[in-house]
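Analysis of the macromolecular model
In case you want the letters, here they are:
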Amino acid sequence: QVQLVESGGGLVQAGGSLRLSCEAPVRAYGTYAMAWFRQPPGKEREFVAHINWGARSTYYADSVKGRFTISGDNAKTTVYLQMNSLRPDDTAVYYCAGTRKYSDPYDTRTYDYWGQGTQVTVSS
């Protein structure tokens, strides 16, 4: 069972920034791509961003384009989510996910393993 570990969540005022990190055992498990999802209070889990390790191609939800950036280190052991210009509606539990296969990056079913989540709260 692959376990991802997120960190970097917390409480921030609107307009502020946070950077989330996810320890990803990419080499050990043949990970093809990583992503961030989030689950706002009382809502379904939703896609935030995705990065393909090989091509380094990225995808973003429309709601975060221009504000969030997903990246990975060259050793392919950590994936980051830099979040700027945070808004109260960004409040959610943020989850890191990984997949060994090429499939729909926006679909939770694409991902083979997940982290436990880290809380991000944005106050107005």
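Residues numbered from 1 in each chain as written. Predicted model: local features only at pLDDT ≥ 70, side-chain atom pairs only at ≥ 80, totals over all residues. Heavy atoms only, no water.

Some points on the overall build of the protein chain
Check the secondary structure of the protein chain and you find one helix and 11 strands. Here the protein chain has a C-alpha radius of gyration of 13 Å; the compact-globule value for 124 residues is 14 Å, and the two agree. The principal-axis extent of the C-alpha atoms belonging to the protein chain is close to 40 × 30 × 25 Å. Among the 124 residues that make up the protein chain, the fraction classed as buried is 46%. A fraction of 56% describes how many contacts in the protein chain between residues 6 or more apart in sequence connect residues 24 or more apart. (Helix = DSSP H or I, 4+ residues; strand = E, 2+ residues; numbered from the N terminus. Rg over C-alpha atoms; globule rule 2.2 N^0.38 Å. Buried < 20%, exposed > 50% of the residue type's maximum accessible area, 1.4 Å probe, protein only. Contact = heavy atoms within 4.5 Å.)

Topic: the sheet that holds strand 3 (residues 18–23)
Across the sheet, four strands lie side by side as 1-3-8-7; this open sheet has antiparallel pairing. With one partner strand each, in any of the chains shown, strand 1 (5–7) and strand 7 (68–72) form the two edges of the open sheet. Shown here is a sheet whose adjacent strand axes are inclined to one another by a mean of 15°, direction ignored. Pairing between strand 3 and strand 8 (residues 78–83): six bridges, direction antiparallel. From the neighbouring strand, L20 faces strand 8, where its bridge partner is L81. (Pairing = 2+ DSSP bridges. Axes fitted to C-alpha atoms, helices over the stretch in contact; angles between N-to-C directions.)

Points about the state of the cysteines
In the structure shown here, the tally under the stated rule is one disulfide. Across a sulfur-sulfur distance of 2.0 Å, C22 and C96 are joined as a disulfide pair. Looking down the S-S bond of the C22 and C96 bridge, the torsion is -85°, so its handedness is left-handed. Placement of the pair is C22 in strand 3 and C96 in strand 9 (residues 92–99), with a sequence separation of 74 residues. (Disulfide = S-S within 2.5 Å.)

Section: the pattern of salt bridges
Oppositely charged side chains can form a pair if their charged atoms are brought close together. Per the stated rule, a full pass over the model turns up seven salt bridges. The salt bridge involving R38 is made with E46; its shortest N-O contact spans 2.7 Å. Residue classification places E46 among the partly exposed residues on the basis of a relative accessible area of 28%. With a shortest N-O distance of 2.8 Å, D112 and K101 are connected by a salt bridge. Placement of the pair is D112 in the loop between strand 9 and strand 10 (113–114) and K101 in the loop between strand 9 and strand 10, with a sequence separation of 11 residues. Take K101: its relative accessible area is 34%, and that puts it in the partly exposed class. Connected through shared salt-bridge partners, R38, E46, R67 and D90 make up one network. (Salt bridge = Lys/Arg side-chain N within 4 Å of Asp/Glu carboxyl O.)

Such coordinate-based values are descriptive only and should not be taken to indicate function.
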